[in-house]
Amino acid sequence: MTDLPPFSRIDQGTVVSSVRSQHPQDLLGVPRDGLRLTWQVASTSTGRQLGAQVAWADAEGEWAESAPLVGDASIAVAAPGGALPEGRGRSFRVRVATEHGWSAWSAPLVVEGAVDRLIAPVVTAASDVEGPSPYLRRAFRLDAAPIRARLRISSLGLHDVAVNGAQVGDEHLSPGWTAYQERILVATHDVTDALVAGENVIAVRLADGWYRGRLGWRNQREHYGAELGLLAQLDIELADGSAVQIVSDESWRASTGAVRMSGIYDGTDIDLNREPVGWDAPGFDDSAWDAVRVLDVDPARFEPRVAPPVRTVAELPGILTRRDDRVAIDLGQNIAGWMRVVVRGRAGDTVVVRHAEVLEEDGALHVAALRTARATDTYILDRDGEHVLEPVFTFHGFQYADVAGAEVIAATGIAISSDTPVRSRFRSSDATLDKLHENVAWSQRDNFVSVPTDCPQRDERLGWTGDAQAFAATASTLFDAEPFWRSWLTDLEIDQDDDGAVAAVVPNIIRDTDFDATGQSQIMGRAGWADAATIVPWAIYESTGSDAALAQQLDSMRRWVDHLERRAGEVGLLPSEFQFGDWLDPDAPGDRPWEAKVSGDFVANAFYSWSARLLARAERLVGDAERAERADRLADRVAASTWQRWGEHAVSTQSGCALAIEFEISPAAEMDSIGERLAALVREESGRIATGFLGTPLVLPALTRTGHLDEAYLMLLRREAPSWLYQVERGATTVWERWDALRPDGSIHPGDMDTGDTMLSFNHYAYGAVIDWVYRTVAGIAPVADRPGYRLVRIAPRPTTGITEVSAEIETALGAVGVDWRLDGAVLEIEVRVPFGSEAELDLPLGSASTALLGGAPAPGRLGPGIHRLTVADPAIADPSRALAQRSAV
């Protein structure tokens, strides 16, 4: 054990620059138990933490200090002090020890705990599905302005809330979508400054949303219940020490207003003539309004929010063009959100706003891909003059819109997303590759709307688990998505069936009968979809360095692998049955996207083996060593049997080779030959992508792992369909569901399925999974598996002809890791930025005649914190006929 310096020795050059918890930083009322702290350090004198100490204090209490923690742990460290105080804040501060002494204490982080059990009942008002939104209000008086006030609120259905006429918070679509049958999230808002001495009012609007509205392509409603409801509890403290509590109960009044209909898919109908003026402010007479009634709802269904809320993430000015009787709008970017339009009209005019992702050849909106989603907002004006119009309780996926019914003065696209902070940036000398990176980030924003959806525009927008697992690594690289993922994974476990099978969508609203038209009824436990149970937690761990997601999901992971083992039975392999397979393989029949080239049975058993392998790794970290050994043996047996049964077939396809390599299905001795076969398949098709949803995230890593970087770049940089950059050159601003959603002749893919449905989205993140590889290989920034979270980062850029410059950075838990490299003739110049607490392992593209130099001397194998500038000089770099990537790294 390392001896720590005495507290009296101060390291003036080291500062704890930030402290945060696992929760979004602005969240109030978080779970009281299980708090973890992460801190970043800046130092001019050292690069290593020898130990740390955490101090904590409850409101107006004395600071207490933990025993010093020996070691370099600074990611997801268990917070001392026990459970957070109920409904109150606790402050934490951290100091660290180095060989030079102790830093000063950090600025405090305040974390406020939730209330264990709300006493407020749930109230409801009479309303119909797809009918007018209930308006609920409660007036009350205060003898004095409060010194502290917290509004704890949730709902069956969506809600927005105002206090004294002012909107509370900046959230949309609250309380978000979760597995409502067991879990509905409660938000806590600080409304101290909104309340006054005298009369006050809380005003709430409710809407169907995901709870009661239409969901899925079979037009099903009332998935979770037939009645909307409000839960609200306002806890007020006054200066004289007294407390006032206002709760949702029979004293509330209810009516309706301007919002006549709203739906996630269909949009919002607003009649401004029906709005009760001043209803959300003090002084309004609600005596003619209806009484509410209390619903019998299990209070255990309500729990503190842990995920970031949905917020506005961008406002995009629209380009307006007059077309016949309407105004066409182009945002220049495909978004999830809505239009805010400023119009001039007359009382009684009806303004109609429609939305679409692409245009037909004649300039009309292409709405066929929306299927039954109306995606239209309507407004009836209440007076002559200008109006600012904006919908509520809905969102659309679109780049284009048109407005009819009034003069359009201005239009702004409001882009929304779960508020996950941007984590990384990438720029290169190839503008098309940069645009691909931007498109993938936009697809993540647009589809991370409370849950990780497949698409934001049609009558679907579901949390497909296959898309999520394929994209999890990239999602965790691009954005700080850990709280978002952990909330969704909680619902994944809730929706597992009694036998451990994982649903194809989470939250699960699909019924077996939804697939009757295909002759298939299995939606639970499908390979590559259900394996999100193991793959997503592992991706979070590798990217963040926190094992919290693994600990949270360990039982779910166990149940899933146990389920697979039971299904495999004595044979040891999964039976032949319907699988989604390598979905949307570009060579599959357009109307049967599950009929990929690679065998669905091979894919299913490869994922079976991989899930067992990931379970073994998780068991070693947060579980049981004996279970880990058992899971590893299971993975070995399944891999060997799978290879023996389908190996010869697998190597005939790109996806089969990639799965064999990346999931370690093939014997180690055959790995190189399979890599050669994969490279040959790629060369034979001039880099044409021949993989679907499951193979695409693995094909470039498999080529790289087996030393075939030229072929990997051949695929990445290909411009013809199907390819990533083809979409960019066709004007894409997000990632498409089908490789050729816009065909080379300019026509729109019909997207026909043999079910009679259209399946065509221009905003589907799954194929964007390539961006994690771009960071790891093109930029050369990758976390090392045995020291995850970039505690040890591999710096391994692989330049190639056509890309002469890259600048990339990832904001890790420890700080920013960055790499800038530039090819200048025969010289490769690299700048590496390493944060305190991290080390960089150099894996540079060195030829036999080259050496990496740092400050004129040979570079060491590892670099500590700081900024390091390296040079690799090699005549072969300047040879344009040969990609630098071709050579092996040493």
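Residues numbered from 1 in each chain as written. Predicted model: local features only at pLDDT ≥ 70, side-chain atom pairs only at ≥ 80, totals over all residues. Heavy atoms only, no water.

### Some points on the overall build of the protein chain
Put simply, the rule reads: Numbering of helices and strands runs from the N terminus; a helix is a DSSP stretch of H or I covering at least four residues, while a strand is a stretch of E covering at least two. What the globule rule says is 2.2 Å times the number of residues to the power 0.38, and the radius of gyration is computed from C-alpha atoms. Three labels apply to residues, based on accessible area from a 1.4 Å probe with only protein chains included: buried if under 20% of the type maximum, exposed if over 50%, partly exposed otherwise in between.
A count of helical and extended segments in the protein chain gives 14 helices and 46 strands. Its C-alpha atoms give the protein chain a radius of gyration of 28 Å, within 12% of the compact-globule value 29 Å for 890 residues. Along the first, second and third principal axes, the C-alpha set of the protein chain runs to 85 × 75 × 60 Å. Counting only residues that meet the buried cut, the protein chain has 62% of its 890 residues in that class.

### Let's talk about a negative patch on the surface
Put simply, the rule reads: Patches here: salt-bridge-free residues with over 30% relative accessible area, like charges joined within 9 Å, nonpolar side chains (Val, Leu, Ile, Met, Phe, Trp, Tyr) joined within 5 Å. Every accessible area reported is derived by Shrake-Rupley at a probe size of 1.4 Å, with residue values counting cover from the shown protein chains alone. The working definition used for a salt bridge is a side-chain nitrogen of Lys or Arg within 4 Å of a carboxyl oxygen of Asp or Glu. Only four residue types enter the charge count, namely Lys and Arg as positive and Asp and Glu as negative; His and the chain termini do not. A single reference atom marks each charge: NZ on Lys, CZ on Arg, CG on Asp, CD on Glu.
Residues Glu360, Glu361, Asp362 and Asp745 make up a contiguous surface patch of negative charge. Examined against the element boundaries, Asp745 turns out to sit in the loop between α13 (724-729) and α14 (770-779).

### Points about helix α12 (residues 709-716)
Of all 8 residues making up α12, 6 are buried, and the element is well covered by its neighbours. Those residues of α12 that fall on the buried side of the exposure criterion are Leu709, Glu711, Ala712, Tyr713, Met715 and Leu716.

### Focus: the pattern of salt bridges
Tallied over the entire structure, the rule returns 70 salt bridges. In this structure, Asp269 and Arg374 form a salt bridge, with 2.9 Å as the shortest nitrogen-oxygen distance. Remark: Arg374 occurs in the loop between β29 (350-356) and β30 (376-380) and Asp269 occurs in strand β22 (residues 267-271); sequence separation between them is 105 residues. One salt bridge connects Glu831 with Arg833, and the closest N-O pair in it is separated by 2.8 Å. Of the residues examined, Glu831 reaches a relative accessible area of 18% and is grouped as buried. In this structure, a network of salt bridges that share partners links the residues Arg88, Glu112, Arg148, Arg150, Asp190 and Glu237.

### Side note on the sheet that holds strand β43 (residues 852-854)
Under the convention used in this document: Any two strands between which DSSP finds at least two bridges are classified as paired.
On the basis of which strands lie adjacent, the open sheet formed by 7 strands has the order β34-β39-β40-β41-β46-β43-β44 and antiparallel pairing. The sheet is open, and its two borders are formed by β34 (424-428) and β44 (857-858), each paired with just one other strand. Pairing of strand β39 (residues 805-812) with strand β40 (residues 815-824) involves 8 bridges; the strand directions are antiparallel. Looking at the pairing, Glu809 lines up with Gly818 of β40.

### Some points on the packing of helix α4 (residues 482-494) against helix α5 (residues 532-544)
Convention followed: Axis lines are fitted through C-alpha atoms, for helices just across the contact stretch, and the angle between N-to-C directions can take any value from 0 to 180 degrees. Here the angle decides the label: under 35 degrees means roughly parallel, over 145 means roughly antiparallel, 65 to 115 means roughly perpendicular, and every other value means oblique. Helix crossings get a hand from a simple test, with the near helix turned counterclockwise from the far one by less than a right angle marking a left-handed crossing and a clockwise turn marking a right-handed one. Contacts were defined at the residue level, with two residues in contact if any of their heavy atoms lie within 4.5 Å. Residue polarity is assigned by list, with Asp, Glu, Lys and Arg as charged and Ala, Val, Leu, Ile, Met, Phe, Trp, Tyr, Cys and Pro as nonpolar; anything else, Gly included, falls into the polar class.
Put simply, α4 and α5 touch, their axes get as near as 11 Å, and they point 160° apart. As the angle between them shows, α4 and α5 are arranged roughly antiparallel. The two elements α4 and α5 cross, and the hand of that crossing is left-handed. Contact residues: Glu482, Trp485, Trp488, Leu489 and Leu492 in α4; Ala532, Ala533, Val536, Pro537, Ile540 and Thr544 in α5. Per-class residue counts for the contact of α4 with α5 are 9 nonpolar, 1 polar and 1 charged.

### Concerning the sheet that holds strand β38 (residues 792-795)
Remark on secondary structure: sheet strands pair via backbone hydrogen bonds, oriented parallel or antiparallel. A sheet is described by the order of its strands in space; here 4 strands give the open sequence β37-β38-β42-β45, paired in mixed fashion. Here the strands that pair on one side only, and so sit at the sheet edges, are β37 (781-783) and β45 (862-863). Where strand β42 (residues 839-842) meets β45, 2 bridges bridge the pair, whose relative direction is antiparallel. Among the inter-strand pairings, Glu841 is bridged to a residue of β45, identified as Arg862.

### Section: the nonpolar core
Most often, soluble globular proteins keep nonpolar side chains buried together rather than apart. Counted only if it meets this: As used here, the term nonpolar core means buried Ala, Val, Leu, Ile, Met, Phe, Trp, Tyr and Cys residues forming a set that is joined through side-chain atoms within 4.5 Å.
The biggest cluster of nonpolar side chains holds 213 residues, and the ones touching the most others in it are Trp485, Trp488, Leu700, Leu716, Trp724 and Val778. The greatest single-element share of this core, amounting to 12 residues, is contributed by helix α7 (residues 600-622). Excluding anything up to four places from it in sequence, Trp485 contacts Phe448, Pro452, Ala468, Ala472, Ala475, Ser476, Val536 and Ile540. Residues Phe140, Leu195, Ile236 and Val292 belong to the second largest nonpolar core, which totals 26 residues.

### Observations regarding the packing of helix α10 (residues 671-684) against α12
One can describe the packing of α10 onto α12 by two numbers: an axis separation of 9 Å at closest approach and a directional angle of 40°. The crossing of α10 and α12 is left-handed. In this structure, α10 contributes Ala679, Val682 and Arg683 to the contact, and α12 contributes Glu711, Leu714 and Met715.

### Concerning the pairing of strand β13 (residues 158-163)
With 6 of its 6 residues buried, β13 lies for the most part within the structure. Here β13 shows no split at all, with Leu158, Asp160 and Ala162 on one side and His159, Val161 and Val163 on the other all buried. Both β13 and strand β14 (residues 166-167) contribute to a ladder of 2 bridges, which runs antiparallel. Note that in β14 the partner of Val163 across the bridge is Ala166. Two successive antiparallel strands, β13 and β14, enclose a turn made up of 2 residues, where Asn164 displays a positive phi of approximately 55°.

### Some thoughts on the environment of Ala347
Take Ala347: it is sitting in the loop between β28 (326-345) and β29. By relative accessible area, which is 45% here, Ala347 ends up partly exposed. A sequence separation of 38 residues divides Ala347 from Gly385, and the C-alpha atoms of the two residues are 8.2 Å apart. Setting aside anything within four residues of it in sequence, one finds Ala347 in contact with Leu381, Asp382, Arg383 and Asp384.

### Overview of unusual backbone geometry
At the junction of Ser174 and Pro175, the peptide bond is cis and its omega measures out at 10° in the coordinates. Mapped onto the fold, Pro175 is located in the loop between β15 (171-172) and β16 (184-190). The amide bond that connects Ala721 to the next residue, Pro722, takes the cis arrangement and shows omega of -5°. Tracing the sequence through the fold places Pro722 in the loop between α12 and α13. Located in the positive-phi region is Asn164, a residue other than glycine, with phi close to 55°. Looking at where Asn164 falls in the secondary structure, it is placed in the loop between β13 and β14. Notably, Arg371 is not glycine yet its phi reads approximately 55°, a positive angle. Structurally, the position occupied by Arg371 is in the loop between β29 and β30.

### Let's talk about the pairing of β42
The side chains of a regular strand alternate, residue by residue, between the two faces of the sheet. Direction of pairing for β38 relative to β42: parallel, over a ladder of 4 bridges. For Val793, the partnering residue across the bridge sits in β42 and is Ala840.

### Quick look at the packing of aromatic side chains
Condition: When the centres of two rings from Phe, Tyr and Trp lie within 6.5 Å, Trp using its six-membered ring, the rings pair. Their planes under 30 degrees apart give stacked, over 60 give edge-to-face, and anything left gives tilted. Should the NZ of a Lys or the CZ of an Arg lie within 6 Å of a ring centre and within 35 degrees of the ring normal, that charge is described as sitting over the ring.
Inspection of every chain in the model, using the stated rule, returns 31 aromatic pairs. Taking the centre distance of 5.5 Å and the plane angle of 70° together, the rings of Phe284 and Trp289 count as edge-to-face. Residues Phe284 and Trp289 agree in their burial class; the two are buried. A centroid spacing of 3.9 Å and a plane angle of 20° characterise the contact between Trp739 and Tyr767, whose relative ring orientation is stacked. Here the residue Trp739 occupies a position in the loop between α13 and α14, and Tyr767 occupies one in the loop between α13 and α14, the gap between them amounting to 28 residues. For Tyr767, a relative accessible area of 1% puts it in the buried group. Three or more aromatic residues link up through ring pairs in this structure, and these residues are Trp217, Trp464, Trp529, Phe578, Phe580, Trp583 and Trp594. Seen from the ring of Phe7, Arg95 lies directly overhead, with NZ or CZ sitting 4.2 Å from the centre.

### Let's talk about the confidence of the model for the protein chain
The following threshold applies: Every residue carries a pLDDT, the predictor's confidence in it, which falls somewhere between 0 and 100.
The predicted model of the protein chain has a mean per-residue pLDDT of 94, with 96% of residues at 70 or higher. Every residue in residues 880-890 scores below 50 in pLDDT, and together they form 31 contacts with partners more than four places removed in sequence or on other chains.

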